[in-house]
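# A look at the structure
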Amino acid sequence: GNIVSFRVAADQKEAAMMALNAGVDLEMTAGAYEAHVEDLVNEGAIAPEVLDDAVWRILRAKFKAGLFERPYAAFDDKTAAGWMADHRRLAAEVASRCIVLLRNRGNILPLPAGGMRVALAGPYVEARREHMGSWCLDGRPNEVVTILDALRKAAPGLTIETGEQAFARADLIVLCMGESHERNGENRSTVNIHLPPDQEEFITAAARAGKPLVVVNCSGRPLSSPAAEAHASAILHAWNLGSEAGTAIAAILTGTEAPSGRLPFSIPRHVGQLPIHYNRKTPGRARVNPASIVGYLDEQTTPLYPFGFGLGYTTFEYGAARLDADTMKPGGTLMARATVTNTGSRHGTAVAQLYIGDRLSAISRPDRELNGFQRLDLAPGESREVVFRITEDLLRYYMPDGSPRIDPGEFDLWIGADSGTTNHALFRLESGGPNQ
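Anyway, here's the lowdown on the structure attached to this text. Since the structure is predicted, the reported quantities are computational estimates derived from the model, not experimental observations.

### Looking at the overall build of the protein chain
Counting secondary structure elements, the protein chain contains 11 helices and 17 strands. Expressed as lengths along the three principal axes of its C-alpha atoms, the size of the protein chain is roughly 75 × 60 × 50 Å. When burial is assessed residue by residue, the protein chain has 39% of its 436 residues classed as buried. For the protein chain, the computed accessible surface area is about 23,300 Å², with 52% contributed by carbon and sulfur atoms. Once the 44 positive and 52 negative side-chain charges of the protein chain are each reduced to a mean point, those two points are 6 Å apart.

Now the structure itself:
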């Protein structure tokens, strides 16, 4: 349907013809195929074999999914209860792995097992539907575990305060903030990249209590919070985590699970920085005269939090990135290595990330691109070598005409904790002929 909106097709019928002939096997909501494909085939605008191919691919996907062998799942009550319990455990595990710890000054997290009064406040304390996100059309809000219920269950030794005098009585404040499903999602753009204004004011007001402040941000997009940056000792980005949101957040807050999520985007400092992304292309004149690139006059050029960033409840040290050879032959491989050490006092998960950049290419290319990552569960003091296999597939890109290309020459390589790592090595790809 959008092909008409883009003024490429005159009407829905022409849009259906263009889309199916281009290989779009399935449309969503517009109804153009249902209304027009039969006529288009009869008129010869769509060849019968094109329709057959589209149907074949859809049926193949359904066969692979087993829908013809078992189109409906039939469980008795006992089986269904076990099935649900298993799925909820998995949902909680996945949700806890998604949470990103952005700040933890003074190691204020995790919370102690007991002996502390914690004020829990904000719009997400008892939220249910909001945790399901904007594109959940058939979920059951009553099945969502709230942050309040989960924290009470996970930390019975803590005194959870939620009343009007909570801030005055508490030793620490946890603010559960975020965007509702009605403010977030498709066709819900905002020019402001911060939390909703009333929540920014709420964080500032809570800080006046003079207590340590933890902000949990349950937003589905890369929102920053000037108030949290100014006042919070700890910041968690908790996204829209679904039915087990409260369970996962409580597990991270109490340290039952250590945070191991990493940002899948960069979070900007200001809306004026947009777009800001780690795999940017080199700015004009930067290599000819680096001194001429001054960036912004009134703000830093770096993101508030870079792509791939995330803290844990321990610390990690990355040894020097190294290669088993300086030169890679056409069709060959190189092994890139670095030693990762847990230098803290708690068990944790490091996410070692590999980035590669092409120094000279036929078209303008990103400075660096993520080419791999590995999760390493490490005990305190434990070291482990992370190994990445470098092949030509990681160096290949595509020209505007769709043809693949690999450039012989020098490549930069980095292994580290996020896209801002400076842990660098250099290798050369030997020439193997035109376009490799």
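Once the structure has been displayed, the description carries forward.
### Here we look at the layout of surface pockets
Approximately 910 Å³ is the volume attributed to the largest pocket. Lining the largest pocket are 33 residues, with Tyr-278, Arg-280, Lys-281, Pro-283 and Asp-367 positioned closest to its centre. Put simply, the parts of the chain that give the lining of the largest pocket at least two residues each are strand E11 (348-358) and strand E16 (409-416). Tallied by class, the residues present in the lining of the largest pocket amount to 12 nonpolar, 12 polar and 9 charged. What lines the second largest pocket is a set of 21 residues, among which Leu-311, Gly-312, Thr-314, Thr-315 and Phe-316 lie closest to the centre. For the lining of the second largest pocket, the secondary structure elements donating two or more residues are strand E7 (316-318) and E11. In terms of residue class, the lining of the second largest pocket is made up of 10 nonpolar, 8 polar and 3 charged.

### Some remarks on the packing of aromatic side chains
Considering all chains together, one arrives at 7 aromatic pairs under this definition. A centroid spacing of 5.7 Å and a plane angle of 70 degrees characterise the contact between Tyr-278 and Tyr-355, whose relative ring orientation is edge-to-face. Residue Tyr-278 is located in the loop between helix H10 (245-254) and E7, and its partner Tyr-355 is located in strand E11; the two are separated by 77 residues in the primary sequence. Neither residue differs from the other here; Tyr-278 and Tyr-355 are each classed as buried. Pairing Phe-411 with Phe-427 gives two aromatic rings, centres 5.4 Å apart and planes at 10 degrees, and the pair type is stacked. Residue Phe-411 is found in strand E16, and its partner Phe-427 is found in strand E17 (residues 424-429); the two are separated by 16 residues along the sequence. For Phe-411, a relative accessible area of 1% gives the class buried. Clustering of aromatic rings is evident, with ring pairs tying together Tyr-278, Phe-307 and Tyr-355. The ring of Trp-414 has Arg-368 sitting right over it, with the charged end atom 3.8 Å from the ring centre.

### Thoughts on the pairing of strand E5 (residues 213-218)
Counting buried positions along E5 yields 6 of 6 residues, so the element is predominantly enclosed. Neither face of E5 is exposed, since Leu-213, Val-215 and Asn-217 on one face and Val-214, Val-216 and Cys-218 on the opposite face are all buried. In this region the chain leaves strand E4 (residues 172-178), passes through helix H8 (residues 197-207) and returns to the parallel neighbour E5; the handedness of that crossover is right-handed. Bridging between E5 and strand E6 (residues 234-237) involves 4 bridges; their strand directions are parallel. Bridge pairing links Val-216 to Leu-236 in E6.

### Let's talk about H8
Three or more residues of H8 are buried, namely Gln-199, Glu-200, Ile-203 and Ala-206. Considered in projection along H8, the buried side chains sweep an arc of 125 degrees and stay on one side of the axis. In H8, those exposed residues whose orientation departs by more than 90 degrees from the buried face are Pro-197, Asp-198 and Glu-201.

### Comments concerning the sheet that holds strand E12 (residues 369-378)
Spatial strand order, E9-E17-E16-E11-E12: 5 strands in an open sheet with mixed pairing. Of all the strands in the sheet, the pair left with one neighbour each is strand E9 (327-328) and E12.

### A closer look at the packing of helix H6 (residues 147-154) against H10
Axis angle and axis distance: for two packed helices, these are the angle between their axes and the distance between the axes, and together they describe the pair. At a closest axis distance of 8 Å, the pairing of H6 and H10 adopts a crossing angle of 45 degrees. Of the possible angle classes, the one that applies to H6 and H10 is oblique. As H6 packs across H10, the resulting crossing turns out to be right-handed. In this structure, H6 uses Ile-147, Ala-150, Leu-151 and Ala-154 to contact H10, whose residues at the interface are Gly-246, Thr-247, Ile-249, Ala-250 and Thr-254. Of the residues contributing to the contact of H6 with H10, the split by class is 6 nonpolar, 3 polar and no charged.

### Section: the packing of helix H2 (residues 12-21) against helix H3 (residues 32-42)
Two numbers describe how H2 lies on H3: the axes approach to 9 Å, and their chain directions differ by 80 degrees. Overall, the two elements H2 and H3 adopt an arrangement that is roughly perpendicular. Facing Gln-12, Lys-13, Ala-16, Met-17, Ala-19 and Leu-20 of H2, the residues of H3 in contact are Ala-32, Tyr-33, His-36, Val-37, Asp-39 and Leu-40. A class-by-class count of the residues in the contact of H2 with H3 yields 8 nonpolar, 2 polar and 2 charged.

### Examining the side chain of Asn-104
Considering the arrangement of structural elements, one finds Asn-104 in strand E1 (residues 100-104). We classify Asn-104 as buried; its relative accessible area is 12%. The contact partners of Asn-104, leaving out residues within four places of it in the chain, are Leu-109, Ser-233, Ala-234, Leu-311 and Tyr-313.

The rules behind the values
- Residues numbered from 1 in each chain as written.
- Predicted model: local features only at pLDDT ≥ 70, side-chain atom pairs only at ≥ 80, totals over all residues.
- Heavy atoms only, no water.
- Helix = DSSP H or I, 4+ residues; strand = E, 2+ residues; numbered from the N terminus.
- Buried < 20%, exposed > 50% of the residue type's maximum accessible area, 1.4 Å probe, protein only.
- Areas by Shrake-Rupley, 256 points an atom, 1.4 Å probe, with all protein chains shown as cover.
- Lys, Arg positive; Asp, Glu negative; His and termini not counted.
- Charge placed at Lys NZ, Arg CZ, Asp CG, Glu CD.
- 1 Å grid on protein atoms, 1.4 Å probe; cavity = no way out; pocket = protein on both sides within 12 Å on 5 of 7 lines; lining within 4 Å.
- Points joined across faces, edges and corners; volume = space filled by probe spheres on them.
- Nonpolar A, V, L, I, M, F, W, Y, C, P; charged D, E, K, R; others polar.
- Phe/Tyr/Trp six-rings, centres within 6.5 Å; stacked < 30°, edge-to-face > 60°.
- Lys NZ or Arg CZ within 6 Å of the ring centre and 35° of its normal.
- Right-handed = clockwise from strand over helix to strand, strands pointing away.
- Pairing = 2+ DSSP bridges.
- Arc of directions from axis to C-beta.
- Axes fitted to C-alpha atoms, helices over the stretch in contact; angles between N-to-C directions.
- Parallel < 35°, antiparallel > 145°, perpendicular 65-115°, else oblique.
- Left-handed = near helix turned anticlockwise from the far one by under 90°.
- Contact = heavy atoms within 4.5 Å.

Purely geometric stuff here, so don't read any function into it on its own.
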